[in-house]
Amino acid sequence: MVNEALQTLGKMDDFGCKPALATINAALEVAVKANLVDEAEKIYQKALSAGLRPDRVTFNNLLLGLGKGGKLEEARMLLEKSAHMLRIPDRIAYTSLISGLCKAGLMDGAQVILDDMKRIGEIPDIVTYSAIMDGFCKRGEIEKSMELFSQLRKMRCVPNVFSYSILIDALCKKGNLEDAYRLFDEMSDNCCIPTIVTYNTLINGLCKANKLKEAWELFQEVTQKGCTPSVETYNILINAYCTSNQLSFAFKLFHKMWRENCRPDTVTFNSIIHGLCKLGRARRGLNLLERMATKGCIPTTVTYNTVLDGFCREADLDGTRRLLLKMDNEGIKKDDVTHNTYLALLLKVGNEEEAFETLQKLLHGGFIPTIVTFNTFLSGISKQKNIMWKDILRIMDLLPAGIFPIDNITMQIVRQSFCTAERFSLACDLLNELSLRGYSPKGAIYSKLINNLCDSRRPELAIAVLISQLERGWVPEPTSFSCPIETLCEENDVMAAFEAFKSLREVQMHPNSQTVVKLMESLQRSGKIEECNEIIQFLKTNTEVDAF
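Conventions we followed
- Residues numbered from 1 in each chain as written.
- Predicted model: local features only at pLDDT ≥ 70, side-chain atom pairs only at ≥ 80, totals over all residues.
- Heavy atoms only, no water.
- Helix = DSSP H or I, 4+ residues; strand = E, 2+ residues; numbered from the N terminus.
- Buried < 20%, exposed > 50% of the residue type's maximum accessible area, 1.4 Å probe, protein only.
- Contact = heavy atoms within 4.5 Å.
- Core = buried A, V, L, I, M, F, W, Y, C linked by side-chain atoms within 4.5 Å.
- UniProt positions renumbered as here; feature names shortened; annotations may be inferred.
- Arc of directions from axis to C-beta.
- Axes fitted to C-alpha atoms, helices over the stretch in contact; angles between N-to-C directions.
- Parallel < 35°, antiparallel > 145°, perpendicular 65-115°, else oblique.
- Left-handed = near helix turned anticlockwise from the far one by under 90°.
- Salt bridge = Lys/Arg side-chain N within 4 Å of Asp/Glu carboxyl O.
- Phe/Tyr/Trp six-rings, centres within 6.5 Å; stacked < 30°, edge-to-face > 60°.

**Topic: the overall build of the protein**
Logical step 1: When you go through the protein residue by residue, the secondary structure sums to 31 helices and 0 strands.
Logical step 2: For the protein, the residues scored as buried account for 48% of the 548 residues in total.

Below, the structure written as structure tokens:
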């Protein structure tokens, strides 16, 4: 796409067509975003050759491109030229470049330009420093941003609402509400009036920390201080109340929006519909969806999927089918979530054949299955009382081989539904088949399952999987040996841990030295001196333990 755009620009000369400066600027922006710095420089030279006079947009795009490409010397020269041609103060030109570099995460380059700025006698202002603070925060280096903020007054630079808001936002995202509140209070003490953006940031931080009482109090303060809540303000609180199943408060705010002439948007409706569906009120969620258009708000695919999920939770197949038909009639595009939710419902209500037929139709229509699709079917058929290997193969045969890696949900399904005495061999066959079909390397699959079983405090089954696969020729990762033994030691089942150690020893596999030490310490605490001596004798005659 980028190359096509640049080629089109190049062909304009062939037709004797002189590009406008707006076209040059658009091409520059495309090249810089694609990190094609050399192309960006060529486009700039093309503008000069065509007799065009670059404007601030032209220079800003090219300066950013040079900075991203590490061409700081060229950027410096262009900076001087731009300040002269545009007759703008050097401070603004430098700040523009610094801001662009910070947005691109190029903090080292921004620091170099800042040093240049100081060297020529230009004093950075709060806009310059705010750009650098924002850059540090976006890289997760809040401490550096805080340190710079604390030095502002020493540099005779007074913080403004934007510099405060940058830090408050970063602290809230990190969960450090105490320091965020301290800065918020400091703003008032310094006669710096918070904007609605500042309030929204802090309210959102409180909601994410589940401090809804404090968030509501701060919301009330907004109006008391003469600041008008925005749609985003309402949305933050409404979503928090819906997430915590406090729908009465959510509806209270929803009605307040209409009274205050603050029109709810799609996000508002989606939050409330989600809250209704979570509580088993999908029908009411559908009613609200149907009212959205009359309120000037068009439902999206996300809105429909939310209600669809509600019907799935309630196993309402008729409601789901009517909703899917409505999506077709309204021209709403169905996505992966739509299809996977419907397939999950069919399996949930026992319509396995229809689920497979639906999947086949979707595949023929161009649907690309994801790991969610696979997990949906695997979970669905695992609930059968007498599951057979052919049932599992039927899923795999429908899905293209190796198009997605298995994830933790897959392993959870295998652990919960297949790792039983009756289905153990089926679990091993399933994992082997997944490996053969390229869904994940064999070692990675079994290592995940062993770790998953240990996390679920089922180390004895992890040992069984380990030994079973060793007999099939699998060479596991070192942690696969250590994890089950260490878990057994943590559960004070030291003799089981010792027997696991011996079983591994018999197949010429050994845990690492750290695990052996833990095992010996556990045996000593339990008074199992004879077993400790057996391990010591083994270590004296084997040097392979430390190999891992």
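From this point, the narrative continues.
**Observations regarding the environment of Glu490**
Logical step 1: Along the chain, Glu490 turns up in helix α28 (residues 478–490).
Logical step 2: Sequence spacing of Glu490 and Ser522 is 32 residues, and the spatial spacing of their C-alpha atoms is 8.5 Å.

**Details of the side chain of Thr320**
Logical step 1: With respect to the helices and strands, the residue Thr320 is situated in helix α19 (residues 317–330).
Logical step 2: Every residue in contact with Thr320, bar those within four places of it in the chain, is listed here: Leu308, Phe311, Cys312, Tyr342 and Leu345.

**Brief notes about the nonpolar core**
Logical step 1: Within the largest apolar cluster, 159 residues are counted, with the highest numbers of intra-cluster contacts made by Ile203, Ile238, Phe374, Val414 and Phe418.
Logical step 2: Ranked by residue count, the leading element in this core is helix α10 (residues 161–174), at 8 residues.
Logical step 3: Leave out the neighbours within four places in its chain, and Phe374 touches Ile395, Met396, Leu399, Phe404, Thr410 and Leu434.

**Overview of the UniProt feature "repeat: PPR" (unreviewed entry) in the protein**
Logical step 1: This chain's UniProt record puts "repeat: PPR" (unreviewed entry) on residues 90–124, 125–159, 160–194, 195–229, 230–264, 265–299, 300–334 and 335–369.
Logical step 2: Across residues 265–299, helical content stands at 69% and strand content at 0%; the span's end C-alpha atoms are separated by 10 Å.
Logical step 3: What you have in residues 300–334 is 77% helix and 0% strand, and the ends, taken at the C-alpha atoms, are 10 Å apart.

**What about the environment of Leu378?**
Logical step 1: With respect to the element layout, Leu378 can be found in helix α22 (residues 371–382).
Logical step 2: Overall, the relative accessible area of 0% leaves Leu378 in the buried class.
Logical step 3: Taking C-alpha positions, Leu378 is 7.3 Å from Ile392, a pair spaced 14 residues apart along the chain.
Logical step 4: The contact partners of Leu378, leaving out residues within four places of it in the chain, are Ile395, Thr410, Ile413, Val414, Phe418 and Leu430.

**Concerning unusual backbone geometry**
Logical step 1: Not every positive phi belongs to a glycine, and Cys191 is a case in point at roughly 55°.
Logical step 2: At Asn245, a position not held by glycine, the phi torsion is positive, near 65°.
Logical step 3: Residue position: Asn245 is located in the loop between α14 (231–243) and α15 (247–259).
Logical step 4: Taking relative accessible area as the criterion, Asn245 reaches 40% and is therefore assigned partly exposed.

**Some words on helix α17 (residues 282–292)**
Logical step 1: Buried within α17 are the following residues: Ala282, Gly285, Leu286, Leu288, Leu289 and Met292. The buried residues of α17 occupy an angular sector of 160° when projected down its axis, which confines them to one face.
Logical step 2: Its buried side turned inward, α17 meets α16 (266–278), α18 (301–313) and α19.

**Details of the packing of α14 against α16**
Logical step 1: With their axes 9 Å apart at the nearest point, α14 and α16 run at an angle of 10° to one another. The angle between α14 and α16 falls in the class roughly parallel. Of the residues in α16, those in contact with Val231, Asn235, Ile238, Asn239, Cys242 and Thr243 of α14 are Val267, Thr268, Ser271, Ile272, Gly275 and Lys278.

**Overview of the packing of α22 against helix α23 (residues 389–398)**
Logical step 1: Between α22 and α23, the shortest axis-to-axis distance is 10 Å and the interhelical angle comes to 165°. On the basis of the axis angle, α22 is roughly antiparallel to α23. Between α22 and α23 lies a crossing whose hand is right-handed. Counting all contacts with α22, which are made through Phe374, Phe377, Leu378 and Ile381, the residues of α23 involved are Asp391, Ile392, Ile395 and Met396.

**A look at the pattern of salt bridges**
Logical step 1: Tallied over the entire structure, the rule returns 19 salt bridges.
Logical step 2: Residue Asp316 pairs with Arg283 through a salt bridge whose shortest N-O separation is 2.7 Å. Taken together, the residues span a long stretch of sequence, with Asp316 in the loop between α18 and α19 and Arg283 in helix α17 at a distance of 33 residues.
Logical step 3: Since its relative accessible area comes to 15%, Asp316 is described here as buried.
Logical step 4: A relative accessible area of 38% means that Arg283 is categorised as partly exposed.
Logical step 5: The salt bridge partner of Glu354 is Arg321, with a shortest N-O separation of 2.5 Å.

**Looking at helix α9 (residues 142–151)**
Along an α-helix, a turn takes 3.6 residues, which lines up residues three or four apart on a common side.
Logical step 1: For α9, every residue scored as buried is listed here: Ile142, Ser145, Leu148 and Phe149. Along the axis of α9, the buried positions cluster into a sector of 125°, meaning they face one direction only.
Logical step 2: Buried positions along α9 lie against α8 (126–138), α10 and α11 (177–189).

**Regarding the packing of aromatic side chains**
Logical step 1: Taken as a whole and assessed by the stated rule, the structure comprises 10 aromatic pairs.
Logical step 2: Aromatic pair Phe254 and Phe269: ring centres 5.4 Å apart, planes at 80°, arrangement edge-to-face. Taken together, the positions of Phe254 in helix α15 and Phe269 in helix α16 put the pair 15 residues apart, joining distant regions of the chain. By the burial criterion, Phe254 is buried, and Phe269 matches it.
Logical step 3: Where Phe356 meets Phe377, the ring centres are 5.0 Å apart and the plane angle is 55°; that geometry is what we call tilted. Here Phe356, found in helix α21 (residues 352–364), pairs with Phe377, found in helix α22; they are 21 residues apart in sequence, far enough to count as distant.
Logical step 4: Exposure remark for Phe356: the relative accessible area of 3% places this residue in the buried category.
Logical step 5: An aromatic cluster is present here, built from Phe251, Phe254, Trp258 and Phe269 joined pairwise through their rings.

**Concerning the environment of Cys102**
Logical step 1: Note that Cys102 resides in helix α6 (residues 90–103).
Logical step 2: Cys102 sits 32 residues away from Asp134 along the chain, and the two C-alpha atoms are 7.4 Å apart.
Logical step 3: Contacts of Cys102, omitting those with residues within four sequence positions, involve Met107, Ala110, Ala131, Ile132 and Gly135.

**Observations regarding the side chain of Thr487**
Logical step 1: Tracing the sequence through the fold places Thr487 in helix α28.
Logical step 2: Look at Thr487 and you get buried, because its relative accessible area is 5%.
Logical step 3: Setting aside its immediate chain neighbours within four residues, Thr487 contacts Cys454, Arg457 and Pro459.

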